[in-house]
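Residues per chain, in single letters:
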Amino acid sequence: MNSVPDGRPGSSVVIVGTGVAGITGAETLRANGFDGSITVFGEEPHLPYRRTALSKGILDGDVSDAKITLRPPGYWDERGIRIVPSVRVTGVDAASRTVELADGSVVGYDALVLATGGTARHLPGAPSDLLSLRTRHDIDRARARIDSGPVVIVGGGLIGLEIAAAVASSEQRAGPTGQITVLEAAGSLLSRVVPDTVAEAVATLHRDRGVQIVTDARITAADAGEVTLSDGTRVTGTVIGAIGMQPDTALADAAGLRVSPAGIVVDEALRTSTPGIYAAGDVAARPHPLTGEPMRAEQWLTATEHGKLVAMTIAADLGLATGPSTPIPRVPLAWSMQYSSNIQMVGWPAMANRFDMDVDASTGSGTCADGFAATVRCFDDDRLVGAVCMGRGGAGRALRTEIEDTLEPVGAAG
Ligand SMILES: Cc1cc2nc3c(=O)[nH]c(=O)nc-3n(C[C@H](O)[C@H](O)[C@H](O)COP(=O)(O)OP(=O)(O)OC[C@H]3O[C@@H](n4cnc5c(N)ncnc54)[C@H](O)[C@@H]3O)c2cc1C
């Protein structure tokens with residue numbers, strides 16, 4: 001993969017996507033001494049905001065500008081960073097190093113970052129207006145439709161469970177309320193990311209609040225008010241799809257960049273297959289440190305770190321003199337809040353064939369208010385490949401470092 005050859009002062013960097021990866025890239029570039037122009041285009045009408053707040057506060061949370069906007073007013077102007085909301089970038093011409101905007105205008109770049117994130121995956125066969133949760137627009141739609149009646153959440157992953165917890169805890173739904181049901185296609189909750197013991201503890205957390213958990217749920221039909229299962233059972237209520245996200249690779253596809261099902265294929269330093277174009281955040285598929293396969297992370301911390309990394313890579317490729325680069329971890333770390341339980345997922349627990357559990361089911365220690373605190377270390381034979389911590393807020397980062405320390409240095413394997 002190639003680099004941008006031109007390091008002249010006044011170079012321009014264009015970033016597509018005002019999510020955390022895009023804006024961290026912009027601010028890190030500036031902080032590292034890049035003195036050219038930085039423009040960040042974002043399709044959403046808002047200034048960059050904390051997307052993670054949406055599921056935790058779907059009904060009662062304060063998701064106003066004042067609460068979830070990521071940087072204070074004036075921050076971007078002070079740094080000479082142009083944030084341009086409500087503008088979709090519609091095309092990339094890699095040969096002329098230009099992007100095209102929805103109004104037909106054309107903007108040149110020396111380096112282009114695609115930080116386009118993704119969209120909520122659509123439940124096959126369901127109407128296109130089925131509720132899902134990825135943007136602030138989605139939360140407005142959800143709030144308008146969820147009342148005190150039953151709610152059916154399709155998907156027992158992180159976001160589906162956070163929605164279930166937030167709806168079940170909602171004070172707006174106080175009094176007699178309808179059943180909340182989570183339908184999960186796999187045999188357990190969070191099946192791709194946590195071992196069975198933790199999945200069972202999470203299920204208990206929800207059942208204790210009256211949430212009905214249905215695993216092995218095969219959906220044959222769904223609309224806005226009802227889901228039908230393969231055994232003929234009909235579950236009625238406001239239906240919310242939470243079956244994951246689809247990386248938004250439209251620009252990369254059209255520009256002929258290498259794209260895999262995981263996302264836009266990038267090297268360790270986040271360079272795409274086309275010179276001058278980089279990808280970062282949820283849309284970027286970086287080599288998995290253990291398998292080398294393109295791997296997408298869908299995690300806030302990783303997207304933030306991608307932003308930092310892409311800025312360092314661009315600065316190096318533009319020939320800017322910067323200080324020693326900070327190592328960027330390759331081990332993912334995601335967290336989730338359900339009721340008052342903090343769950344952290346580190347590395348790749350799904351690769352494990354052996355689990356070492358340190359469970360405290362009686363004392364309610366850590367930040368888990370429900371009496372279950374656990375650290376599960378996940379091994380592939382003897383190698384630590386992942387960990388899940390529940391009710392032990394601080395443990396995730398230390399475990400992440402522990403796994404990181406076992407990885408081959410970048411480039412050493414090949
Ligand atoms: C509801 C929810 C809860 C979450 N909770 C957690 C959590 O608890 N812990 C955790 O670790 N992670 C969580 N995540 C994941 C985390 O939010 C994401 O990993 C992170 O936001 C990804 O950032 P990003 O910048 O890569 O992409 P995004 O935040 O998706 O931003 C991409 C932006 O690009 C814009 N865009 C796309 N195409 C174009 C175009 N052509 N032109 C202009 N703009 C464009 C999009 O509109 C979007 O604004 C959650 C995600 C969601 C949806």
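Residues numbered from 1 in each chain as written. Predicted model: local features only at pLDDT ≥ 70, side-chain atom pairs only at ≥ 80, totals over all residues.

Draft legend 1. Representation of the packing of helix H1 (residues 20–31) against helix H9 (residues 300–317) within the structure. Relative to each other, H1 and H9 sit at 40°, their axes nearing to 7 Å. Taken together, H1 and H9 sit at an angle that is classed as oblique. Seen from above, H1 lies across H9 with right-handed handedness. Facing H1, whose interface residues are Val20, Ala21, Gly22, Ile23, Thr24, Gly25, Thr28 and Leu29, H9 presents Trp300, Ala303, Thr304, His306, Gly307, Lys308, Val310, Ala311, Ile314 and Ala315. A per-class count over the contact of H1 with H9 returns ten nonpolar, seven polar and one charged. (Axes fitted to C-alpha atoms, helices over the stretch in contact; angles between N-to-C directions. Helix = DSSP H or I, 4+ residues; strand = E, 2+ residues; numbered from the N terminus. Parallel < 35°, antiparallel > 145°, perpendicular 65-115°, else oblique. Left-handed = near helix turned anticlockwise from the far one by under 90°. Contact = placed C-beta atoms within 7 Å. Nonpolar A, V, L, I, M, F, W, Y, C, P; charged D, E, K, R; others polar.)

Draft legend 2. Main features of the nonpolar core. Within the largest apolar cluster, 68 residues are counted, with the highest numbers of intra-cluster contacts made by Leu133, Val154, Ile163, Ala164 and Ile240. Among the elements that make up this core, the one with the highest residue count is helix H6 (residues 158–168) (nine residues). Among residues more than four places away in sequence, those in contact with Ile240 are Leu131, Ser132, Leu133, Ala142, Val151, Ile153, Val154 and Ile163. Leu270, Ala284, Val310 and Ala315 belong to the second largest nonpolar core, which has 51 residues in total. (Core = buried A, V, L, I, M, F, W, Y, C linked by C-beta atoms within 7 Å. Buried ≥ 20, exposed ≤ 12 C-beta atoms within 10 Å, placed from the backbone.)

Draft legend 3. Quick peek at the site of the ligand. The environment of the ligand is made up of 36 residues, and the closest members are Gly17, Gly19, Ala21, Gly117 and Gly281. Of all the elements in the fold, those that place two or more residues in the shell around the ligand are H1, helix H2 (53–56), H9 and strand E22 (333–338). Within the shell around the ligand, the residues separate by chemical class into 15 nonpolar, 13 polar and eight charged. Counting only domains with at least three residues in the shell around the ligand, you end up with domain 1 (12–119 + 245–317) and domain 2 (122–241). (Near = placed C-beta within 6 Å. Domains from an automatic or database assignment.)

Draft legend 4. Representation of the domain arrangement of the protein chain in the model. The domains assigned to the protein chain are domain 1 (12–119 + 245–317), domain 2 (122–241) and domain 3 (340–404). The C-alpha centroid of domain 2 is placed 30 Å from the C-alpha centroid of domain 1. Facing 13 residues of domain 1, the contacting portion of domain 2 comprises 16 residues. Broken down by element, the side of domain 1 that touches domain 2 gets its largest block of residues, three residues, from H2. A per-class count over the side of domain 1 that touches domain 2 returns six nonpolar, four polar and three charged.

Draft legend 5. Region of the structure containing the sheet that holds strand E11 (residues 212–214). Taken together, four strands build an open sheet; the order of strands is E11-E10-E9-E15 and the sheet is parallel. Each edge of the sheet is formed by a strand with only one pairing partner; in this case those strands are E11 and strand E15 (238–241). In this sheet, neighbouring strand axes are inclined to one another by 20° on average, regardless of whether the strands run parallel or antiparallel. As paired elements, strand E10 (residues 180–183) and E11 share three bridges and run parallel to each other. Across the sheet, the residue bridging to Thr181 is Gln212, located in E11. (Pairing = 2+ DSSP bridges.)

Draft legend 6. Main features of unusual backbone geometry. Here Arg97, not a glycine, exhibits a phi torsion of approximately 50°, which is positive. With respect to the helices, strands and loops of the structure, Arg97 is situated in the loop between strand E4 (89–93) and strand E5 (98–101). One non-glycine residue, Asp381, lies in positive phi territory at about 55°. Secondary-structure assignment places Asp381 in the loop between strand E25 (373–380) and strand E26 (383–390).

Draft legend 7. Main features of the environment of Leu158. Relative to the helices and strands, Leu158 resides in helix H6. Here the alpha-carbon distance between Leu158 and Leu189, two residues 31 residues apart in the chain, equals 8.8 Å. In this structure Leu158 touches Leu190 and Ser336, once residues within four positions along its chain are discounted.

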